[in-house]
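# Structure assessment
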Amino acid sequence: MRVAGRDAVGPELTITAGEGRIIQELAGRPALVALRAVIEELAEADREILAEGMLLGIVVEHGQPDYVHGDFLVRSVLGGDPENGTIAVGAPIAPGQVVRVHARDATSADRDLHEALGLRRQALGSDAPAGALMFTCNGRGRGMFGIADHDAAALEDELGAIPMAGFFAAGEIGPIGGESFLHGFTATVAVFPS
């Protein structure tokens with residue numbers, strides 16, 4: 001189980017030109033122009049969250065009728081070139097991929113973690129787990145939530161006082177669309193049934 005704590009904001013856009021890690025066009029417009037248009041349409045609260053660092057979610061498995069939270073590989077927007085309208089992202093891209101702006105946010109991170117752990121609790125039924133391992137980004141913790149041990153406390157709230165271990169990392173491995181990726185600002189949890 002992997003939880004990100006990043007909310008998608010704005011519409012989905014299709015990459016219409018680009019290669020490597022450079023997006024030239026989104027929905028037929030210069031990528032930088034398209035992203036600015038998305039940001040201008042957002043509520044002030046969303047723009048304030050994006051000021052902390054804009055992220056771009058890239059759909060891994062194409063062809064679904066709707067894309068939901070866990071369908072996006074979220075990467076940093078590394079920069080933009082105002083002269084040619086391109087943007088650079090922290091992942092290889094290809095024309096035809098769908099992207100969406102994401103914002104890193106403590107409220108959604110807390111909600112996502114509790115929801116994911118709640119689903120694990122339901123799947124276990126009345127059986128208490130034998131234990132859990134949690135690997136949490138060093139960008140979460142006190143810096144994101146304002147308190148120490150937020151993620152470990154959420155795990156205990158949802159699954160009870162079970163044996164658990166883990167550590168902070170600068171990258172967590174977790175699945176999207178049947179593939180494993182290195183993620184940032186996530187919590188990856190392995191729950192062991194009894």
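Residues numbered from 1 in each chain as written. Predicted model: local features only at pLDDT ≥ 70, side-chain atom pairs only at ≥ 80, totals over all residues. Heavy atoms only, no water.

## Considering the nonpolar core
Ranked by internal contacts, the top residues of the largest apolar core, which has 22 residues, are I23, L26, L56, I87 and V101. Broken down by secondary-structure element, the contributors of at least two residues to this core are strand 2 (6-19), strand 3 (22-26), helix 1 (31-41), strand 5 (54-59), strand 7 (86-89) and strand 8 (98-104). Sorting elements by how many residues they give to this core places helix 1 first, with five residues. With near-sequence residues (within four places) excluded, L26 lies in contact with L13, T14, I15, T16, A31, A34, L35 and V99. Listed in part, the nine residues of the second largest apolar core include L117, L155, I162 and V189. (Core = buried A, V, L, I, M, F, W, Y, C linked by side-chain atoms within 4.5 Å. Buried < 20%, exposed > 50% of the residue type's maximum accessible area, 1.4 Å probe, protein only. Helix = DSSP H or I, 4+ residues; strand = E, 2+ residues; numbered from the N terminus. Contact = heavy atoms within 4.5 Å.)

## Some remarks on the pattern of salt bridges
With the rule as written, the count across this model stands at four salt bridges. Here R47 makes a salt bridge to E44, at a shortest N to O gap of 2.7 Å. Linking R47 with E44, this pair stays in helix 2 (residues 44-50), spanning three residues, or about one helical turn. (Salt bridge = Lys/Arg side-chain N within 4 Å of Asp/Glu carboxyl O.)

## Considerations on unusual backbone geometry
Of note in this structure, A27 is not a glycine but carries a positive phi near 55°. Inspection of the secondary structure puts A27 in the loop between strand 3 and strand 4 (29-30). Unlike most non-glycine residues, D149 shows phi in positive territory, near 65°. On the secondary structure map, D149 appears in the loop between helix 4 (141-145) and helix 5 (150-159).

Coordinates in, geometry out; function isn't part of it.
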